[in-house]
Every structure is written in C-alpha cells, then in structure tokens.
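Here's the letter readout for the chains.
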Amino acid sequence: MAIKHFLQFSDFTLDEYEYVIARARIIKQKFKNYEPHPTLADRTLVMVFEKNSTRTRLSFEAGMHQMGGAAIYLNTRDSQLGRGEPVEDAAQVMSRMCDVIMIRTFGQEIIERFAKHSRVPVINGLTNEHHPCQVLADVFTYIEHRGSIAGKTVAWVGDANNMLYSWLQAAQVFGFHVNVSTPEGYPIDQSLVAPDNDRYTFFANPSDACQDADLVTTDVWTSMGFEEENAARLKAFDGWIVDAAKMKRARPDALFMHCLPAHRGEEVAAEVIDGPQSVVWDEAENRLHVQKALLEYLVLGRLS
Ligand code: CP
Ligand code: NVA
C-alpha cells in the first residue's frame, strides 16, 4: 500500500480532515485534563529544519513526548544535508530509523523528492510554497470558535506566500471562499493554484477584500528565504496593514488570525493582533493538538 504523506493541504480529503479534527478535539481535552495519551509509545519522529522555527519545532517535539514517543531534531548546519548529501539518500537512511519525518525546507520539490524515497510518512513543516500544518491548525481554531467553516468568507490581506496557497487549497476541501488582496507586483502564482479552484476572488483594494469577511488573516510581508527583498517589499506593501479600519469592514464577529511570528506596525496593527477579535494564541496552541492527531493518523491510521 502507498505510504500516506502530508506534503500539501490537498493531500487529504474532507473525510480525513473530519477524522483528524475529531481526534484533535479528544487529544486536546485529554491534554487539558492531564490524562495520558500514549498512542505513539516507542515511535520516533525525525524533524529536519533547513529554516528557523519556534512553534513548529516545539509543537512537534512536545507532541511526540506527550504521546509517549521521541522526537529528534536535525538541521542543515550540523547534519550531512548541509554538506550536499543527496535528499534521496537522506530519505532512505532516515526512514529506516524512525516512524515518521517532518521537514521544513525551501522548494516544494525537495520535500516531494524526499517523500518519494522515504519508507515512512513525511509531513511538510513549511516550504516556500505551502504551510499545511498551520492552515490545519487555523481551520481547527475557526471551527472551535465559530462552528463549521463551510460557506464562510476568509480575507487574505498581504503577500502571495506559502500560507495563502495552503488557504486556497483548504477553501476547496472545506467549501469556503477566500477574498485575496496582494499588492501590485506580488500576484497569485497560478501554477500553485488548482485550475478548477473557484473558491477565491482577487481584490486590488485590501479594504474591499475584508468586506463582510468571517475571518481576516495575514502573514509577514517577507518570508524566510526572501530576506534580501525586504526593503522593496516594505514599500510595495504600504497600505496592506490589517488595522482597525479594515477589521471594521469585516463582520462584527469576525476573527483575526496570523500564523506568527508577527511584525506589529507592518502587516498588522497592534490594536488588531492584541485586540478582542484576535485568536492568535489559540491558533498557536492548536498546532500542538492538531499535529498530534495528524501524527497519530499517519503512523497508526484510524483508531475510532
Ligand atoms: N507559524 C510557524 O510555523 O511558526 P514557526 O516558524 O515558529 O515554526
Ligand atoms: N510565510 C512565513 C511563515 C512563517 C511561519 C515564512 O515562510 O517565513
């Protein structure tokens, strides 16, 4: 049987997400009650980081410990990956010593090549093109606060980056709509959007994108790996800050999300991220709970 990987959001069906989210609820409740949940006892996760991380490393590592397993951290700097060992060889070796692998890297093709040569499931912990674990946590957070996300409107105000492409895939799976506004010169890369994806609308004006939205979300203007473009981006994105005026265009009960880390005064105003509509801390915490459910599903399959 083919190994199940989680390389982009479209890799799972709605039915699979419904299962994973139901498990995440159970796992979260047990965590809150200090009840053990050792379903991954004696299992090992290898985590490969080619870019920095706080939340992704912490949530995967803590999650494996909490499920009775172990997590091993590798980075490019002090593993042979940084000295040019082929990704295919690394995949062969690593996947003989563990039960599941999480990778944060640059191009999506790197993780695709790795997965092809892996004997165990591979999880995308962020690539230049996708960040599916984060959007899974975000969808879970929305559902916890407001119920079903089907039929709702999500406003994306900012860069056409990995988070946006995962949101666009999630919209197709869960049946919601994304109002996208990116500045001139930073258009949606159509090669990263399914040709039949009719779940989004582009707005030249970022405030218009927020009109009647149920959720407003954004991310940094300069993603990891694009640091040399920072000065040009600061200029180009002028006006794309999510501030109180933009939140006013959204529905009165709209939520605000940001995957973090955030830059107050750039993509989001302090009054919004630190304000009453913001659920960014729940969103960060939920990485832990949904990823525990994801790990369990990939390693053990359905348990209930
Ligand atoms: N949101 C997120 O993935 O955070 P880290 O870069 O800290 O892992
Ligand atoms: N778009 C950001 C997300 C960080 C979690 C980046 O890729 O750097």
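- The name recorded for the protein in an unreviewed UniProt entry is Ornithine carbamoyltransferase, from Paucimonas lemoignei.
- On record in UniProt, under Pathway (unreviewed entry), the comment for the protein is "Amino-acid biosynthesis; L-arginine biosynthesis; L-arginine from L-ornithine and carbamoyl phosphate: step 1/3."
- Recorded in UniProt under Sequence similarities (unreviewed entry), the annotation for the protein is "Belongs to the aspartate/ornithine carbamoyltransferase superfamily. OTCase family."

1. A word on the UniProt feature "binding site: L-ornithine" (unreviewed entry) in the protein
Argument step 1. UniProt records the feature "binding site: L-ornithine" (unreviewed entry) for Asn-162, Asp-219, Ser-223 and Met-224 in the present numbering. Spanning 63 residues, the named residues nonetheless gather at one spot, since no C-alpha pair among them exceeds 11.7 Å.
Argument step 2. With respect to the element layout, Asn-162 can be found in helix H6 (residues 162–174).
Argument step 3. Given the relative accessible area of 4%, Asn-162 is considered buried.
Argument step 4. Non-local contacts of Asn-162, meaning those with residues more than four positions away in its chain, are made with Leu-126, Thr-127, Asn-128, Glu-129, His-130, His-131, Asp-219 and Ser-223.
Argument step 5. Tracing the chain through its elements places Met-224 in the loop between strand E8 (215–218) and helix H8 (230–236).

2. What about the site of ligand 1?
Argument step 1. Every residue lining ligand 1 is accounted for by Ser-53, Thr-54, Arg-55, Thr-56, Arg-104, His-131, Gln-134, Cys-259, Leu-260 and Arg-287.
Argument step 2. Interatomic distance of 2.7 Å between a side-chain N/O atom of Ser-53 and an oxygen atom of ligand 1.
Argument step 3. In isolation ligand 1 has 260 Å² of accessible area, and contact with the protein removes 95% of it.

3. What to know about the site of ligand 2
Argument step 1. Neighbouring ligand 2 are Leu-126, Asn-161, Asn-162, Asp-219, Val-220, Ser-223, Met-224, Cys-259 and Leu-260.
Argument step 2. Between an oxygen atom of ligand 2 and a side-chain N or O atom of Asn-162, the distance comes to 2.8 Å.
Argument step 3. Interatomic distance of 2.6 Å between a side-chain N/O atom of Asp-219 and a nitrogen atom of ligand 2.
Argument step 4. When ligand 2 sits alone it has 270 Å² of accessible area, and the protein chains cover 93% of it.
Argument step 5. The residue makeup of the shell around ligand 2, split by class, is five nonpolar, three polar and one charged.

4. What to know about the UniProt feature "domain: Aspartate/ornithine carbamoyltransferase carbamoyl-P binding" (unreviewed entry) in the protein
Argument step 1. Following the UniProt record, the feature "domain: Aspartate/ornithine carbamoyltransferase carbamoyl-P binding" (unreviewed entry) maps to residues 4–144 here.
Argument step 2. From the first C-alpha to the last, residues 4–144 spans 27 Å; its make-up is 43% helix and 14% strand.

5. A word on the sheet that holds strand E2 (residues 70–75)
Argument step 1. Strand order in this open sheet of four strands is E2-E1-E3-E4, and the pairing throughout is parallel. Either end of the sheet is taken by a strand with one partner, and the two such strands are E2 and strand E4 (122–124). Pairwise comparison of adjacent strand axes, ignoring direction, gives a mean angle of 20° for this sheet.
Argument step 2. Where strand E1 (residues 44–49) meets E2, six bridges bridge the pair, whose relative direction is parallel. Counted as the bridge partner of Met-47 is Tyr-73 from E2.
Argument step 3. Across the sheet, helix H4 (residues 108–116) is in contact with strand E3 (100–104) and E4; its angle to E4 comes to roughly 170°.
Argument step 4. Most of the contacts of helix H11 (residues 280–300) go to E4, to which it runs at about 150°, and overall it touches E1, E3 and E4.

6. Looking at the packing of helix H5 (residues 132–146) against H6
Argument step 1. Where H5 contacts H6, the axes come no closer than 9 Å and their chain directions differ by 50°. Accordingly, the angle class assigned to the pair H5 and H6 is oblique. Read as a crossing pair, H5 and H6 show a hand that is right-handed. Every residue of H6 that contacts H5 at Pro-132, Gln-134, Val-135, Asp-138 and Val-139 is listed here: Met-163, Ser-166, Trp-167, Ala-170 and Phe-174.
Argument step 2. Residue classes in the contact of H5 with H6 are distributed as seven nonpolar, two polar and one charged.

What counts and how
Residues numbered from 1 in each chain as written. Chains lettered and ligands numbered in written order. Predicted model: local features only at pLDDT ≥ 70, side-chain atom pairs only at ≥ 80, totals over all residues. Heavy atoms only, no water. UniProt positions renumbered as here; feature names shortened; annotations may be inferred. Helix = DSSP H or I, 4+ residues; strand = E, 2+ residues; numbered from the N terminus. Buried < 20%, exposed > 50% of the residue type's maximum accessible area, 1.4 Å probe, protein only. Contact = heavy atoms within 4.5 Å. Near = heavy atom within 4 Å. Polar contact = N/O pair within 3.5 Å; in protein donor to acceptor, adjacent residues only side chain to side chain. Areas by Shrake-Rupley, 256 points an atom, 1.4 Å probe, with all protein chains shown as cover. Nonpolar A, V, L, I, M, F, W, Y, C, P; charged D, E, K, R; others polar. Pairing = 2+ DSSP bridges. Axes fitted to C-alpha atoms, helices over the stretch in contact; angles between N-to-C directions. Parallel < 35°, antiparallel > 145°, perpendicular 65-115°, else oblique. Left-handed = near helix turned anticlockwise from the far one by under 90°.

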